[in-house]
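# Report on the structure
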Amino acid sequence: MLERFTWFRQSAYLWRGDVNVYIDPWGLTETDPADVIFITHAHADHFSPEDIEKVQKPKTQIFAPHDVAKELSGKVTPVKPGDTFTVGAISGQAVPAYNVAEHRLHAHPKANNWVGYVLTLGDRSYYHAGDTDHAPELSQIRADVAFLPIGGDPYVMDPVEAAGLAKAIRPEVAVPMHYGFVIGSPADGDRFVKECDPIRVELLTPTNQFERT
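We now examine the sheet that holds strand β7 (residues 84–87). Ordered in space as β7-β8-β9-β10-β11-β12, the six strands form an open sheet in which the pairing is mixed. Either end of the sheet is taken by a strand with one partner, and the two such strands are β7 and β12 (173–177). Geometrically, the sheet is characterised by an average inter-axis angle of 20° between neighbouring strands, direction not taken into account. In this sheet, strand β9 (residues 115–121) lies alongside strand β8 (residues 90–96) in antiparallel orientation, the contact comprising six bridges. Looking at the pairing, Pro-96 lines up with Val-115 of β9. Contacting β10 (124–128), β11 (145–149) and β12, helix α3 (residues 159–169) crosses the sheet at an angle of about 160° to β11.

Below, the structure is given as structure tokens:
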């Protein structure tokens, strides 16, 4: 389920299948031409015009929240939570991504309409949460794999909170992200594994070295 994924750092991934799909490209160490790019929100560790430029081609289709979409050129589709879409063999839905913990409300306000994505890639479904807390709506998501941010304050869930969301979603595999860069440390991945039990967790290795220990 994860063999086609490359984790660059933070929440940045490349999925290689019949098409190349990037999610929140930032710190790219490989630059395969993009068929589709998904952006979750406007923060610089998720929306990097410099990295997008490295992989965007005339045919590349980009999906992004409205405030990000207006900063982009090319084949760009603005999305908000609840929107569904199909691009070639890929289908998906934009889902809410926002903070509910009072001390984090400023980081990702619900009013911004920033998103995560549930994507069907190949024969599997993948939930990329973007930057979020365990918002009530997210307990209803169902996916084979859930990529969840675990780095903690002041931006996203900590490993315990993220494990709670994993247990609500009940994926076959949970994958931690958004730690070891900017916030969090590699040790948070090990804690997430422990807190998720009995949900199976896979710890990916980023192609960039962790910045925080």
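Picking up after the structure, the text goes on.
Before going further, it helps to examine helix α4 (residues 187–196). Since the α-helix turns once every 3.6 residues, residues separated by three or four places project in the same direction. By the burial criterion, the buried members of α4 are Asp-188, Gly-189, Phe-192 and Cys-196. Buried residues in α4, looked at end-on, bunch into an arc of 100°, giving them a common side. Looking at the buried residues of α4, the elements they touch are β11, α3 and β12.

Turning our eyes to something else, we now look at the nonpolar core. Core analysis: the largest hydrophobic core is formed by 50 residues, its most contacted members being Phe-38, Tyr-117, Tyr-127, Phe-147 and Phe-192. Membership of the second largest hydrophobic core comes to 17 residues, among which are Leu-14, Ile-39, Ala-64 and Ala-69.

This part takes up the layout of surface pockets. In this structure, the largest pocket spans a volume of roughly 250 Å³. If you go around the largest pocket, you meet 14 residues; those closest to its centre are Arg-4, Trp-15, Leu-121, Gly-122 and Asp-123.

A few words on the pairing of β12. With five of its five residues buried, β12 lies for the most part within the structure. Across five bridges, the pairing between β11 and β12 is parallel. Considered in β12, the bridge of Val-145 is made with Val-173. Since β11 and β12 lie parallel, the crossover through α3 that links them has a hand, and here it is right-handed.

Another point: the sheet that holds strand β1 (residues 5–9). Strand order across the open sheet formed by six strands is β1-β2-β3-β4-β5-β6, with mixed pairing between neighbours. The two strands at the open ends of the sheet, each matched to only one other strand, are β1 and β6 (75–79). Between one strand axis and the next, the sheet turns through 15° on average, direction left out of account. When strand β3 (residues 20–23) meets strand β4 (residues 36–38), the two strands line up parallel, connected through three bridges. When the bridges of β4 are listed, Ile-23 appears paired with Phe-38.

A few words now on the environment of Asn-99. Among the structural elements, Asn-99 can be located in the loop between β8 and β9. Taking C-alpha positions, Asn-99 is 24 Å from Ile-199, a pair spaced 100 residues apart along the chain. Ignoring sequence-local partners within four residues, the contact set of Asn-99 consists of Arg-104, Leu-105, Ala-107, His-108, Thr-132, Asp-133, Tyr-155 and Val-156. Separated by 2.8 Å, the side chains of Asn-99 and His-108 make a polar contact. A polar side-chain atom of Asn-99 sits 3.1 Å from a polar atom in the side chain of Asp-133.

Procedures and definitions
- Residues numbered from 1 in each chain as written.
- Predicted model: local features only at pLDDT ≥ 70, side-chain atom pairs only at ≥ 80, totals over all residues.
- Heavy atoms only, no water.
- Pairing = 2+ DSSP bridges.
- Helix = DSSP H or I, 4+ residues; strand = E, 2+ residues; numbered from the N terminus.
- Axes fitted to C-alpha atoms, helices over the stretch in contact; angles between N-to-C directions.
- Contact = heavy atoms within 4.5 Å.
- Buried < 20%, exposed > 50% of the residue type's maximum accessible area, 1.4 Å probe, protein only.
- Arc of directions from axis to C-beta.
- Core = buried A, V, L, I, M, F, W, Y, C linked by side-chain atoms within 4.5 Å.
- 1 Å grid on protein atoms, 1.4 Å probe; cavity = no way out; pocket = protein on both sides within 12 Å on 5 of 7 lines; lining within 4 Å.
- Points joined across faces, edges and corners; volume = space filled by probe spheres on them.
- Right-handed = clockwise from strand over helix to strand, strands pointing away.
- Polar contact = N/O pair within 3.5 Å; in protein donor to acceptor, adjacent residues only side chain to side chain.

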